[in-house]
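Single-letter residue listing:
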Amino acid sequence: MADVLKNKDEVGHILVQVQDDLRQLKKNLVRLTVQENGEVLDIQALDVAISRTEHGIRRHAEDHLKTINNQFLTLPCIEEPEKKPVPAKLVKWQPPYETIPNARPLRCQIPGPSPGEKHKSAFIMRLLNNPFHPKNKEIVQQNYGIQLPHLHKRAWVGTQRLVTGSTSSFTAAHEGLPKHLHPKPPPECRDMNAGLLPSAADLSSVQTPVQPKAVHVLQREDSGQNESERASKLEMDVSKDKMAFGRSGTESPASRTIYTPPPSAASASSDNGVLNRGIARLTPLNRQSISVPAAVSKYPFTIAEGQIDPEDPDYCRFKKQYCLYWGAIVEALDQLQRMLLDFAVPLARVCGERLAACVQSGELDWRDSRGRLAHVEKLLSVLENRDEVWDLMCQPGQRYKGIEGHQAAAVRIQTCWRRYSAHTAYLLQLRPKWAAQVIAISLLKHAKLGHLKKSLQASRIRQLENYRIRAESLAANWKHITSAKRTIIHVPSLGYSQHQRLSLRGFDVLQNTQMGRLCDIRDENVEVIYVSPVCLGKDVLQYYTRLLGLQTAIELGDASAPESHCSKRFTVLMPEALEYFPTRNMCLASLLKYSPRTLQRIKNLIQGKQVYMISGVTCIDDLAVADELKVPLLGTEPAVTQLYSTKSGGRRIFSSAGVDMPPGKWDIYTLEQLHEGLARLMTEHMEVQRWLFKIDSEVGGRGTACCDACHLKCRPWAQQEFSRYGPEQWRTSQSQIKESVMIKFLEEVPHLLASYAHPANTSCYATWTCFLEHFLREGGVIEAFPPSDSVTCLTVDLLVEPGGDVCMLSCGDQLRGPSGLEVVGCTVPQTSICPDVLHSICTRVGQACQKRSIMGHISLDLVTFLDPSNLEQQVWAIDLDLGYSNQLAMTQLMLMMTRGTLDCRTSKLEVPPPVRDVKSSVCNARIKTKAQTSVTNRFAVMCTRLLHTNLSLVYYSTFFLMCKAQGIGYDVKARQGTVFALHDSRDRRSLGMLTISEDLQGALLTFARNLSIIHQEISAPNMQGANNFKDLIKDIEEVLGMTIQNQTTSQEEKEITINNVKRIITFKLHVPFMTFSS
């Protein structure tokens, strides 16, 4: 047996020696350039021949190793040595490397008759290959009769990992490894017993089997080796190793992702074994010149240029330490070398303890379920300079600098191109299918949308037909309904366009400025259902309950009278859709349409009663709500409302009614129409100094701009020509001078508008350019501003009844802001126009509206001034709004607080005295009858929206206590004082105020005093807040000045008249006396 092994050992030594000689010859040929007779030898041909010979020898060496390792080697019985005196110095036992067999785990399956015996044989072989297993000695003794000695197991220091915590952090650090960084798996073995050493391994590292002879076994004392000697051989930096492992656990996978471009021409032509100059840490290839850090591992060794030097002492010492399972270690080293060769890593330091631990635990088996990525992580974990190797591997194009780099780059390029080609072809193939799907979906959507439009159109047509049918029934029974018990549903909805609603700040509060509609319950036959566009708190509801409960106290003139039970006759509802659409600026009718619970509650409240609905500015959703509730709507059709509620539509009605209106043009949509119309108007009306531009769709003075004609350069010359002809002849004549004036104006109009035209309200339209854009898009009118310094505007609220009658409900003079074009309040009743003239104008306008199927509440704006040419009073109709106005809502509150009546035919607010309880005697009855017949007049100043941002800082309870302390309140006995209208409970930035007094001057003074006190109480010197109080106070002062001047003039006229009458009487008395005496 020994002879056979000896012969085989000699054959192995011969094969190894031949392989070493060929390798050395190959290295020398690379460095030499041989010339003979002037001809260069073909070194490449020699290299190919040597490689072919080396391949053949390696194949024969592998077959030789298969034959050796397939045989079981046995050890003779180790006899107990004789006890001899121990010398002073024990000789350290160290077996020769050549005699230690390669104890690689045998993976062959022992053939057997059954799978169970095969499994048992494989299990026994695994135990035999593992000398550290507790049953290893028992199986060796049973199967081979060898009694192995009891060796003490040393503690494996090298297997202790420096990484703390779970290994998941280390695995996560390499999740971003691209596919081209995955190492190649070891070649598949055709025979489970073959491949102890792969073809890429160095055969010189394989040791021959152990010679079977008796040896004296002693305990090895490797731990007593001088640490300084090992440190002198290999120095490693502990801190660098710790840092590398620490960073691998904290670095994110995304930071490790490397995008590798194709290799450049320069990199492709470079040597695979030379590292780029940028990697300074791994650049030196001469191992003698490398400064080795301090040692951390007991058995480290170095892999230079992907190869292991078999003569390296560190490698030999590592091989000697782990010789018993060297086969598995060689396989792992082969995989590591392949990876380092693929990425052209010049230098790698392997920690022997980590490598052995990973091999023993089976972590380096690339065939497990974790895949190649985990295998790369395990391979890198055995390196002490893992971070440097990782940084080098992650450099773009590094994979293509290693072994077979050109082939890998070609494969990569071909793969990318094929993938691109296949993907492009796939997309081209999918394009028709995608187009077909898009066409099909579009057709389906179009069909569904068309069906939805048809259903909506049919629904709206049905709602419109039902509205007309109910309107006819309402017109036929109107007189009966107004005289009997009825229920009025108030929906203060402003059905503006979406653009207007979105541009209005606080649109929900703006819709709720008509809380005065609740005062319709002053008629005992009326019940009110009020739908609020905002969420009202208990404080606001309690305030209106107490305010409406003062009817008995006002009627009796006694503040201590009990509250009337009016809370049963009004109901305030809030749609639940307010919570669903808090920021959409939807009109109240739309919110109510999508509030089924509120609609159902209204149905329950109106069941079996005579009901009609009053909206604000009607829209299609008002018809939907009325149709859902099955009640008539006292209002105009939405299409008619949109047509005639514009500035151009109002001028059409005024023109058909035959009332005076300002000179102007309407339905202007182009810039040419604007320039030409303005030039012609300025030519026709030379006396007008200012011209107004109004957008059709805007309301409340928002869309108004102005321009003064005095800035025209040719205007002085035109004024001279106008004075020479005179006003009447100038308007009727068609002379050439008039045409020349118009041409001059037309040339200067563009510059005039661009330089001097400006919007009245800059908060809506900052510049003329912005205003002009909306003006031309929405359409508008040009109007003349009254040519007078004293101009008064007034508003009249009309009701075009379904029966055809026109009734005046309210009339008042407007209080305007600083621009003179925005309404901020009014005084009721009006005192600017003769009541008969006012009634005539309102009647004609109401009849013209009735002819155009306009029904319900309308608001008419007029302007009056003295014509400077003849000093006669002129009245122009300037605007028409179709809907319930804020002035009418405040008028209802005024009538309830005074228990009076507003006679618009005489422009008087008549208030009866309070009814007192007296004894039923004849004398008292006469006194009571006389007191009831005597009425007094009152004047009121009202503002629907006082704005002050500091009001939100004060609760309503505190606000009323403050007013009470300052003497602001209402006297129910005298029926005069101040009443507030609250709008909301959340923002509390606006409220309405009404002051009532015996004369207009007193009402104005009270209103101005209240504004001043409230502003002082809620404001600080450094926090004034945004408000319109000052503008109102300034306008009221101007009105007061005019009122005092008119009163003075009236008194002087009265005194002159009285003196003339006295003189006439005196003259008539003296004439008979003189005659008689003569």
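The rules behind these values
- Residues numbered from 1 in each chain as written.
- Predicted model: local features only at pLDDT ≥ 70, side-chain atom pairs only at ≥ 80, totals over all residues.
- Heavy atoms only, no water.
- Pairing = 2+ DSSP bridges.
- Helix = DSSP H or I, 4+ residues; strand = E, 2+ residues; numbered from the N terminus.
- Buried < 20%, exposed > 50% of the residue type's maximum accessible area, 1.4 Å probe, protein only.
- Disulfide = S-S within 2.5 Å.

> Is there a simple way to think about the sheet that holds strand S20 (residues 908-911) in this case?
What holds strands together in a sheet is hydrogen bonding between their backbones, with the strands either parallel or antiparallel. One open sheet holds the 3 strands; their spatial order is S19-S20-S21, and the pairing between them is antiparallel. At either end of the open sheet lies a strand with only one pairing partner, and these are strand S19 (901-903) and strand S21 (936-937). Here S19 pairs with S20 via 3 bridges, running antiparallel. The residue of S20 that forms the bridge with Leu-902 is Leu-909.

> Just checking my understanding: could you explain the pairing of strand S17 (residues 856-866) for this structure?
Two faces make up the sheet, and in a regular strand the side chains alternate between them. Counting buried positions along S17 gives 10 out of 11 residues, so the element sits mostly inside the fold. When strand S14 (residues 791-800) meets S17, the two strands line up antiparallel, connected through 10 bridges. Among the inter-strand pairings, Val-796 is bridged to a residue of S17, identified as Leu-860. Strand direction decides the pairing type here: S17 and strand S18 (residues 873-882), joined by 9 bridges, are antiparallel. Within S18, the position partnered with Leu-860 by the bridge is Leu-880. A loop of 6 residues connects S17 with S18, the two strands running antiparallel in sequence, and Leu-871 in this loop sits at a positive phi of about 55°.

> I would appreciate a short explanation of the state of the cysteines in the present structure.
Working definition: the covalent bond between the sulfur atoms of two cysteines is a disulfide. Enumeration over the complete set of coordinates arrives at 0 disulfides. Left without a disulfide partner, Cys-358 is nearest to the cysteine sulfur of Cys-351, which lies 9.2 Å away. Considering cysteine sulfurs only, Cys-904 is the nearest to Cys-811, which forms no disulfide, with 3.9 Å between them. Given the relative accessible area of 0%, Cys-811 is considered buried.

> Honestly, the sheet that holds strand S13 (residues 780-784) in this entry has me stumped. Any pointers?
Sheet architecture is open: 5 strands sit in the order S9-S13-S10-S11-S12, paired in antiparallel fashion. Every other strand in the sheet has two partners, leaving strand S9 (664-668) and strand S12 (758-759) as the edge strands with one partner each. For strand S10 (residues 690-695) and strand S11 (residues 704-708), the ladder comprises 5 bridges, and the chain directions are antiparallel. The residue bridging Phe-693 from the neighbouring strand is Ala-705, located in S11.

> I would appreciate a short explanation of helix H29 (residues 768-778) in the present structure.
Residues spaced three or four apart along an α-helix face the same direction, because each turn holds 3.6 residues. Within the sequence span of H29, burial applies to Trp-768, Phe-771, Leu-772, His-774 and Phe-775. One or two steps after H29, the chain reaches Gly-779, where phi turns positive at roughly 90°.

> How should I be thinking about the pairing of strand S4 (residues 347-351) in this particular structure?
Of all 5 residues in S4, 5 are buried, a share of seventy percent or more. Side-chain alternation along S4 places Leu-347, Arg-349 and Cys-351 on one buried face and Ala-348 and Val-350 on a second face that is also buried. With 5 bridges joining them, strand S3 (residues 300-304) and S4 adopt antiparallel strand pairing. Each residue of the ladder has a partner; that of Ala-304, found in S4, is Leu-347.

> What is the right way to read unusual backbone geometry from this model?
Most of the time, phi is negative for any residue but glycine, and the peptide bond is trans. Cis geometry marks the peptide bond from Val-828 to Pro-829; its omega dihedral reads 0°. Locating Pro-829 in the fold gives a position in the loop between strand S16 (823-828) and helix H30 (835-851). The backbone of Glu-305 shows a phi angle near 55°, a positive value even though the residue is not glycine. Turning to its location among the elements, Glu-305 is positioned in the loop between S3 and helix H9 (313-321). Residue classification places Glu-305 among the partly exposed positions, given a relative accessible area of 40%. Backbone geometry places Ala-344, a non-glycine residue, at a positive phi of 55°. Mapped onto the elements of the fold, Ala-344 is located in the loop between helix H10 (326-342) and S4. The buried category is assigned to Ala-344, whose relative accessible area is 10%.

As far as function goes, none of this settles anything; it's purely spatial.
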